[in-house]
Amino acid sequence: MDSSDLPGDLAKMLVSEEQIRARLAEMARQIEADYEGKDLLLVGVLKGAVMVMADLARELKRHIDMDWMAVSSYGTSTQSSGVVRILKDLDTEIAGRNVLIVEDIIDSGLTLSWLLENFASRGPASVEVCALLRKPDAAKVHIDVKYAGFEIPNDFVVGYGLDYAEKYRNLRGVGVLAPHVYE
Ligand SMILES: O=P(O)(O)OC[C@H]1O[C@H](OP(=O)(O)OP(=O)(O)O)[C@H](O)[C@@H]1O
Ligand code: HPA
Ligand SMILES: [Mg+2]
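Per an unreviewed UniProt entry, the chain carries the name Hypoxanthine phosphoribosyltransferase and comes from Compostimonas suwonensis. Its UniProt record gives the chain the following Cofactor (unreviewed entry) comment, quoted word for word: "Mg(2+)". As stated in UniProt under Sequence similarities (unreviewed entry), the record for the chain gives "Belongs to the purine/pyrimidine phosphoribosyltransferase family."

Written out as structure tokens, the structure is:
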């Protein structure tokens, strides 16, 4: 599906399915090299990170464990509420583990800053972040991202896991949502 399948809803496409696939493959090679010989637990942040997790995990040619945390701060808005709610906690203990948090996007950074603090208190061996998208101009807090896919402008985007009011997550690429949809 591309913007022509959703006339009017997307102002423009930003990152294509093919660009995402190629970038995730590059990131997977880096991750394989950095964690060679080490245990690795991928933690996906539901729901947005479902697509990134599915594609990144299948690119990795090594054993991994997977777990999920569900948090939400956007709800049906295009602005972060600033309040991160845990909807589902991890199923596994992360004490002593090498954790790689897998995210679709770092926007204000509030979700990850909260998650990193939360995880630090559980005594992991290491915690790093892998995010497909990042909006440098929207950052309210600085997040150290070890694996970053694409830097994008400060517009509300949808697709490849990212939603507006739960819709558009199934688009294969990422595009800017046309303002008339939410204004
Ligand atoms: O850097 P931030 O400004 O905190 O924004 C990033 C977070 O916001 C989105 O989640 P959302 O709260 O929309 O939940 P969802 O993944 O279920 O859509 C996205 O998936 C990130 O987790
Ligand atoms: O631009 C965005 N789009 C969808 N969800 C989001 N969550 C944070 N930023 C965004
Ligand atoms: Mg959302």
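Draft legend 1. Quick peek at the sheet that holds strand β4 (residues 85-88). Overall, mixed pairing links the six strands, which are arranged β4-β3-β2-β5-β6-β7 in an open sheet. Pairing within the sheet leaves two strands with one partner each, and these edge strands are β4 and β7 (147-151). Direction aside, neighbouring strands of the sheet carry axes that sit 25° apart on average. Across eight bridges, strand β5 (residues 98-106) lies against strand β6 (residues 126-134) in parallel orientation. Across the sheet, Val102 pairs through a bridge with Cys130, a residue of β6. In this fold helix α2 (residues 50-59) packs onto β2 (41-46), β3 (65-72), β5 and β6, with an angle of close to 155° to the strand it touches most, β2.

Draft legend 2. Inspection of the sheet that holds strand β9 (residues 174-177) at higher detail. One open sheet accounts for three strands, arranged β1-β9-β8; its pairing is antiparallel. Each end of this open sheet is capped by a strand with a single partner; those strands are β1 (10-15) and β8 (157-158). The pairing of β1 with β9 spans four bridges and is antiparallel. Residue pairing for β9: Leu10 is matched across the bridge by Leu177.

Basis of the calculations
Counting restarts for each chain: residues are numbered from 1 in the order of the written sequence. Note on labels: chains are lettered from A, ligands numbered from 1, in written order. Totals for whole chains, interfaces and linings use all residues, but because this is a predicted model, local features are given only for residues with pLDDT of at least 70 and pairs of side-chain atoms are given and counted only at 80 or more. UniProt positions are given in the numbering used here, feature names are shortened, and annotations may be inferred rather than shown by experiment. Any two strands with at least two DSSP-identified bridges between them are counted as paired. Secondary structure follows DSSP: runs of H or I at least 4 residues long count as helices, runs of E at least 2 residues long count as strands, and numbering of each begins at the N terminus. To get an axis, a line is fitted to the C-alpha atoms, and for a helix only the part in contact is used. The angle between two axes follows their N-to-C directions and goes from 0 to 180 degrees. By definition, residues are in contact whenever their C-beta atoms, placed on the basis of the backbone, come within 7 Å of each other.

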